[in-house]
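Below are the chains, spelled out letter by letter.
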Amino acid sequence: MASDLRSMSGARIPVKLHRRVCLIQTEDAILTEELLARKKLAQDVAGRLTDRVLLVRPGRVDGVVDELQKMGHTPQVVGVRPASPA
């Protein structure tokens, strides 16, 4: 869904909103770096939005959660996760 917004100066700023995305939000930037250093996890990251927020590639949520658990983390999943096929 794309839209244009006007900034205070009156210039248009293109904005694109995405639904159904998965993000990893960490407590600090150091933990984010540690996650990105893990090769298996880094391949599931589509990009870095801030020093504490990573964008996960579509369809890779379960793999990311599994990898975080293997690393000893207890990820908190917020929102609706589609049921995995049996």
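Details of the structure are given in the entry above.
Computed from a predicted structure; not experimentally measured. (Residues numbered from 1 in each chain as written. Predicted model: local features only at pLDDT ≥ 70, side-chain atom pairs only at ≥ 80, totals over all residues. Heavy atoms only, no water.)

K.L.:
Before we go on, may I ask you to explain the side chain of Thr26 in this structure?
P.N.:
Following the sequence through the fold, Thr26 ends up in the loop between β3 (22-25) and α1 (29-37). For Thr26, a relative accessible area of 4% gives the class buried. Here Thr32 takes part through its side chain, which lies 2.6 Å from a polar atom of the side chain of Thr26. (Helix = DSSP H or I, 4+ residues; strand = E, 2+ residues; numbered from the N terminus. Buried < 20%, exposed > 50% of the residue type's maximum accessible area, 1.4 Å probe, protein only. Polar contact = N/O pair within 3.5 Å; in protein donor to acceptor, adjacent residues only side chain to side chain.)

K.L.:
So what exactly am I meant to see when it comes to the sheet that holds β3 here?
P.N.:
Read from one edge of the open sheet, three strands run β3-β5-β4, paired in antiparallel fashion. The open sheet has two edge strands, β3 and β4 (45-48), and neither has a second partner. With strand direction ignored, the average angle separating the axes of adjacent strands in the sheet is 30°. With three bridges joining them, β4 and strand β5 (residues 53-56) adopt antiparallel strand pairing. When the sheet's bridge partners are listed, Val45 is paired in β5 with Val56. Contacting β3, β4 and β5, α1 crosses the sheet at an angle of about 150° to β4. (Pairing = 2+ DSSP bridges. Axes fitted to C-alpha atoms, helices over the stretch in contact; angles between N-to-C directions. Contact = heavy atoms within 4.5 Å.)

K.L.:
Even after reading the chapter, I still don't get the environment of Val56, so can you show me in this structure?
P.N.:
Tracing the chain through its elements places Val56 in strand β5. The exposure class of Val56 is buried, given its relative accessible area of 4%. Taking the C-alpha atoms as reference, Val56 lies 5.7 Å from Leu23; in sequence the two are 33 residues apart. Those residues in contact with Val56, other than ones at most four positions away along the chain, are Cys22, Ile24, Asp44, Val45, Ala46, Val61 and Val64.

K.L.:
Help me understand the side chain of Asp44 in this model?
P.N.:
Within the secondary structure, Asp44 is located in the loop between α2 (39-42) and β4. Setting aside anything within four residues of it in sequence, one finds Asp44 in contact with Leu55, Val56, Arg57, Arg60, Gly63 and Val64.

K.L.:
How do you make sense of the pattern of salt bridges when you look at a structure like this?
P.N.:
Scanning all chains against the criterion turns up three salt bridges. Here Glu67 makes a salt bridge to Arg38, at a shortest N to O gap of 2.7 Å. Placement of the pair is Glu67 in helix α3 (residues 61-70) and Arg38 in the loop between α1 and α2, with a sequence separation of 29 residues. (Salt bridge = Lys/Arg side-chain N within 4 Å of Asp/Glu carboxyl O.)

That is the geometry; function is a separate question.
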